[in-house]
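Topology and contacts: notes
Letter by letter, the chains look like this.
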Amino acid sequence: MMMANTIRPEPSTKTGERLLDVKGLTIEIETRNGPATIVDGIDLHVGKGETLGIVGESGCGKSLTMLSMMRLLPNKIRVTKGEANFAGRDLQTMSNSELRKVRGGDVGFIFQDPMTSLNPVMRIGQQLAEPLIYHRGMSKAQARKRAGELLRLVGIPGAEERLDAYPHELSGGMRQRVMIAIGLACNPQLLIADEPTTALDVTIQAQIVDLVKDLRDKLGMSVVWITHDLALIAGLVDRINVLYAGTVVEDAPVDALFANPSHPYTQGLLASIPKLSDERSIRLSSIGGTPPEPGRRPKGCPFAPRCPLVESICHDSVPSLEGLSQNGSHRVACFVAQRKLEAA
Amino acid sequence: MAAQPLMRIENLVKHFHVRLGAFGERAATVHALDDVNFDILEGETLSLVGESGCGKSTTGFTLLNLHRATEGKVIYQGRNIVELDEKAMRPYRRQLQIVFQDPYSTLNPRMTIGEAVGEPILFHKLATKAELKDRIAALLADVGLPPRFASRYPHELSGGQRQRVAIARALACQPKFIVCDEAISALDVSVQAQIINLLLDLQQKYGLTYLFIAHDLAVVRHISDRVGVMYLGRLAELATREELFEHPLHPYTKALLSAVPEADPAHERSRKRQILQGDVPSPLSPPPGCRFHTRCPIAMDICDKVVPEWREARPGHRVACHAVTEGLPG
Ligand SMILES: Nc1ncnc2c1ncn2[C@@H]1O[C@H](COP(=O)(O)OP(=O)(O)O)[C@@H](O)[C@H]1O
Ligand SMILES: Nc1ncnc2c1ncn2[C@@H]1O[C@H](COP(=O)(O)OP(=O)(O)O)[C@@H](O)[C@H]1O
Ligand code: SF4
Ligand code: SF4
Ligand SMILES: [Mg+2]
Ligand SMILES: [Mg+2]
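In this text, all values refer to a predicted model and were calculated from it rather than measured experimentally. (Residues numbered from 1 in each chain as written. Chains lettered and ligands numbered in written order. Predicted model: local features only at pLDDT ≥ 70, side-chain atom pairs only at ≥ 80, totals over all residues. Heavy atoms only, no water.)

Quick word on the overall build of chain B
The helix and strand tally for chain B stands at 12 helices and 12 strands. In summary, chain B has a C-alpha radius of gyration of 21 Å against a globular reference of 20 Å for 330 residues, a match within 12%. Here the C-alpha coordinates of chain B stretch approximately 70 × 50 × 50 Å along the principal axes. Residues classed as buried in chain B amount to 55% of the 330 residues present. By sequence separation, contacts in chain B at least 24 residues apart represent 63% of the contacts at least 6 residues apart. By element, 51% of the accessible surface of chain B is carried by carbon and sulfur atoms, the whole surface being about 14,600 Å². Averaged over its 39 positive side-chain charges, chain B has a centre that lies 5 Å from the centre of its 38 negative ones. (Helix = DSSP H or I, 4+ residues; strand = E, 2+ residues; numbered from the N terminus. Rg over C-alpha atoms; globule rule 2.2 N^0.38 Å. Buried < 20%, exposed > 50% of the residue type's maximum accessible area, 1.4 Å probe, protein only. Contact = heavy atoms within 4.5 Å. Areas by Shrake-Rupley, 256 points an atom, 1.4 Å probe, with all protein chains shown as cover. Lys, Arg positive; Asp, Glu negative; His and termini not counted. Charge placed at Lys NZ, Arg CZ, Asp CG, Glu CD.)

Thoughts on the overall build of chain A
The helix and strand tally for chain A stands at 13 helices and 12 strands. Over its C-alpha atoms chain A spans a radius of gyration of 21 Å, differing by no more than 12% from the 20 Å that the globule rule assigns to 344 residues. For chain A, the spread of C-alpha atoms along the principal axes amounts to about 65 × 50 × 40 Å. Out of the 344 residues belonging to chain A, those deemed buried represent 53%.

Some details on the packing of helix 4 (residues 124-136) of chain A against helix 5 (residues 140-153) of chain A
Residue and element names in this part refer to chain A. Their axes nearest at 8 Å, the elements helix 4 and helix 5 cross at an angle of 115°. For the pair helix 4 and helix 5, the sense of crossing is right-handed. Contacts between helix 4 and helix 5 involve Ile124, Gly125, Leu128, Ala129, Leu132 and Ile133 from the first element and Lys140, Ala143, Arg146, Ala147, Leu150 and Leu151 from the second. For the contact of helix 4 with helix 5, the class distribution of residues is nine nonpolar, one polar and two charged. (Axes fitted to C-alpha atoms, helices over the stretch in contact; angles between N-to-C directions. Left-handed = near helix turned anticlockwise from the far one by under 90°. Nonpolar A, V, L, I, M, F, W, Y, C, P; charged D, E, K, R; others polar.)

Structural notes on the sheet that holds strand 1 (residues 18-31) of chain A
All names here are of chain A. With respect to topology, four strands assemble into an open sheet ordered 2-1-4-5, the strand pairing being antiparallel. The open sheet has two edge strands with one neighbour each: strand 2 (34-47) and strand 5 (89-90). Direction of pairing for strand 4 (residues 77-86) relative to strand 5: antiparallel, over a ladder of two bridges. Bridging from a neighbouring strand, Phe86 pairs with Arg89 of strand 5. The strands touched by helix 1 (residues 62-69) within the sheet are strand 1, strand 2 and strand 4, with strand 1 carrying the most contacts at an inclination of about 110°. (Pairing = 2+ DSSP bridges.)

Thoughts on the site of ligand 2
Residues and elements named next belong to chain B. Around ligand 2, the neighbouring residues are Phe16, Val18, Val30, Ala32, Ser52, Gly53, Cys54, Gly55, Lys56, Ser57, Thr58 and Pro283. Gly55 has a polar backbone atom sitting 3.0 Å from an oxygen atom of ligand 2. Between ligand 2 and the protein, one listed contact pairs an oxygen atom with a side-chain N or O atom of Thr58 at 2.5 Å. The fraction of the free accessible surface of ligand 2 (560 Å²) that becomes covered by protein chains is 65%. Residue assignment for the shell around ligand 2 shows that the elements contributing at least two residues are strand 1 (5-20), strand 2 (26-41) and helix 1 (56-63). At three residues, the largest contribution of residues to the shell around ligand 2 is made by helix 1. (Near = heavy atom within 4 Å. Polar contact = N/O pair within 3.5 Å; in protein donor to acceptor, adjacent residues only side chain to side chain.)

A few points about the pattern of salt bridges
Residues and elements named next belong to chain A. For the structure on display, the rule yields 34 salt bridges over all chains. In this structure, Arg18 and Asp21 form a salt bridge, with 3.4 Å as the shortest nitrogen-oxygen distance. Residue Asp21 is classed as buried on the basis of its relative accessible area, which comes to 12%. As a salt-bridge pair, Asp164 and Arg144 come within 3.4 Å of each other at their nearest N and O atoms. Placement of Asp164 in the loop between helix 6 (159-162) and helix 7 (172-184) and of Arg144 in helix 5 is noted, with a sequence separation of 20 residues between them. The class of Asp164 is partly exposed, set by a relative accessible area of 38%. Within the structure, one salt-bridge network assembled from shared partners comprises Glu50, Arg239, Asp251 and Arg331. (Salt bridge = Lys/Arg side-chain N within 4 Å of Asp/Glu carboxyl O.)

With respect to the interface of chain B and chain A
With 42 residues of chain B in contact, the opposing surface of chain A contributes 41 residues. Among the residues chain B hides against chain A, the three largest losses belong to Asp188, Val189 and His222 of chain B. Together they make up 16% of the total. Inspection of the region where chain B meets chain A yields 11 residue pairs in polar contact (both at pLDDT 80 or more). Counting only elements with at least two residues in the side of chain B that touches chain A, the list comes to helix 7 (189-206), helix 8 (217-223) and helix 11 (265-270) of chain B. Of all the elements, helix 7 of chain B adds the most residues to the side of chain B that touches chain A, at 10 residues. Here the side of chain B that touches chain A is built from residues that sort into 17 nonpolar, 12 polar and 13 charged. (Buried area = accessible area lost by both parts, 1.4 Å probe.)

Comments concerning the packing of aromatic side chains
Taken as a whole and judged by the stated rule, the model has nine aromatic pairs over all chains. A centroid spacing of 5.9 Å and a plane angle of 40° characterise the contact between Phe61 of chain B and Phe100 of chain B, whose relative ring orientation is tilted. In this pair, Phe61 of chain B is assigned in helix 1 and Phe100 of chain B in the loop between strand 6 (96-99) and helix 3 (103-106), connecting sequence segments 39 residues apart. Overall, the relative accessible area of 27% leaves Phe100 of chain B in the partly exposed class. Counting every residue linked through ring pairs, the aromatic cluster contains Tyr244, Tyr265 and Phe303 of chain A. Over the ring of Phe149 of chain B we find Arg152 of chain B; its NZ or CZ atom is 4.5 Å from the centre of that ring. Looking at Arg221 of chain B, its charged tip hangs above the ring of Phe245 of chain B, at a distance of 5.7 Å from the centre. (Phe/Tyr/Trp six-rings, centres within 6.5 Å; stacked < 30°, edge-to-face > 60°. Lys NZ or Arg CZ within 6 Å of the ring centre and 35° of its normal.)

Remarks on the site of ligand 1
Residues and elements named next belong to chain A. Around ligand 1, 13 residues are found, and the nearest of them are Gly59, Gly61, Lys62, Ser63 and Leu64. In this structure, an oxygen atom belonging to ligand 1 sits 3.3 Å away from a main-chain N or O atom of Cys60. When the free accessible area of ligand 1 is taken as 560 Å², the share hidden by the protein chains comes to 64%. Broken down by element, the residue count for the shell around ligand 1 peaks at three residues, all from helix 1.

Looking at the sheet that holds strand 4 (residues 71-76) of chain B
Strand pairing in a sheet takes place through backbone hydrogen bonds and is either antiparallel or parallel in direction. All names here are of chain B. Strands sit in the order 2-1-4-5 across an open sheet of four strands; the sheet is antiparallel. The open sheet has two edge strands with one neighbour each: strand 2 and strand 5 (79-80). Here strand 4 pairs with strand 5 via two bridges, running antiparallel. Each residue of the ladder has a partner; that of Tyr76, found in strand 5, is Arg79.

Brief notes about the side chain of Gln205 of chain A
Residues and elements named next belong to chain A. Within the secondary structure layout, Gln205 lies in helix 8 (residues 202-219). Judged by relative accessible area, Gln205 falls into the buried class, the value being 11%. With near-sequence residues (within four places) excluded, Gln205 lies in contact with Thr197, Thr198, Leu200 and Leu232.

Overview of the pairing of strand 7 (residues 177-181) of chain B
Residues and elements named next belong to chain B. Along strand 7, five of the five residues are buried, which leaves the element largely enclosed by surrounding structure. Side chains Phe177, Val179 and Asp181 project from strand 7 onto one buried face, and the interleaved Ile178 and Cys180 project onto a second face that is buried too. Pairing geometry for strand 6 and strand 7, over four bridges, is parallel. Residue pairing in the sheet places Ile98 in a bridge with Val179 of strand 7. Where strand 7 and strand 8 (residues 209-213) come together, five bridges link them in parallel fashion.

Distances and angles like these do not, on their own, reveal function.
If you want it as structure tokens, here you go:
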């Protein structure tokens, strides 16, 4: 299924109109040895119509950050500081009933594993209809009709017949499309996709990236796409935030990030992706070591134990995210990168 | 590279007999592998790619005689090893190893890393008790782990470190051939790069031959000498990595390659992907003729009737497609 190319409205990155604005969000986990920080005062924002990519290795806090905004954190894990504003209202302090209206309504979610987030004993059509009845006040008949349209929109062949299928009767790719349809059901202003293609074949990954791109352009929504795969989102996103150990270490427009990666961790990540032009058996550059576990965060820069450029200051102080470019659109949390710029 | 074949796979077939229906009342056959033919050359890395369920793991298992072949031969050191029973297989077992995606499931949680690496050494009598400790330390060093790891348990290790242990266990057998079945697929990019480097280093040091199964085509392009593309239990194409990535001939290979993302925003935004329609058909009743004909953008009349021959289209470049081999002589 190919959709007509729509002209995409300019995202409001430049005007600075923020749909989602997370400030100083800190998440802690209760452990035997007391509370341990998992997400450390994270700042991130998404403009109206903007697509933000969040990239980082497993365990860096991508999913918990998103779950915390919707107040869906697992037991023993909680937000201890910070705020998360959606369309000007703080999600952390609004009432439960208000939050329920936002969740699945104005903010749609797609999770990595459809088998755990789809209800296995409920027909697809019903799972699609529920949010429409709840959030948009549709009648059962209206909701069913719209559910069929949604399945068609995400490219499921024989959409209307599939409404009565159970999740296990569909292939992995089809189930992920159903998840996308549910995420999009209420025409959300913001779609949060948490590694939505990670378990899928490249062919299906490409289909799903293209699908979300088309739908975004058509519906003008904002998107947060979480992944560990930089190449996958290169053609999809406007801006990328690189996460390391629960902090944003680099924030840049997509082209600037690939052309001029400035944090040593971002540089390491990009260098470890095999390139088309590589000779066979050339050694890939890699980042030694592993990210810190919660409770074992270093005192200074969280990347210091693995950083090839580490200096003594890095062990004592935590670098903050500072603007590199003139207009401040490219920011990095690294003493050395910041100093290089000042010298230039 | 004028390498000799280490292994010759001839007309290999693997069918699984399964029972379907709520009470297992219906017998059915999964055509996991049908009439597969290729050589694996000494010292090379041959990769197998294709969508999940196309038969990559089954190929790896069947040619190590871990699954009983339904038909066909796997010739290794002059013997057809797939007809050997477990006892006759024993001398070959040591030489033919496999490393999986999830080492956690294959490492015994109650065994230290040293015991896990030492076990195959003792089993195959490759060292005396007195030599064992040094041998384990040497193997850990080979995979980049300090000797103190010998006393640790699997749960104390990261995913990348566990995969190093799994590789050390395979190396302990002094193998000639290792099947790496999605061995790096679950690792984070930076760790994945470490393990790829390790595999390449070990190959050079010990003259290993790899059958490398992976779904990340960028990694496959990096690591392989030759690449085979599978579709629904059959080989569609096999060529050197340069040939395959630069002159793919089979329509399925072309579609697969067009889905691979590059770390280049401008290129990604402007590229037009060739998107395959529909899903892979069921291996319970694969389509007649060319198995790809239900999704092929250039399918012809003959394609749903006649199975395309596995032919050499260019030197060293084999393909099974009527549209490609039509014009070839004889
Ligand atoms: N339910 C949980 N219980 C305990 N620890 C958890 C739980 N969920 C996540 N964590 C820990 O929190 C950290 C961040 O997790 P997560 O946000 O899921 O990472 P990501 O999505 O980036 O892979 C990890 O170190 C993980 O071990
Ligand atoms: N033990 C088994 N019993 C029945 N079917 C199997 C078994 N192992 C694999 N299959 C089937 O054989 C086909 C090929 O599987 P596999 O070799 O695992 O594919 P890949 O590794 O390419 O994903 C699939 O349809 C799979 O479901
Ligand atoms: S602040 Fe220091 S340790 Fe951290 S990334 Fe920069 S150079 Fe490396
Ligand atoms: S044989 Fe026919 S259907 Fe099969 S790949 Fe070639 S052209 Fe397509
Ligand atoms: Mg996650
Ligand atoms: Mg497999």
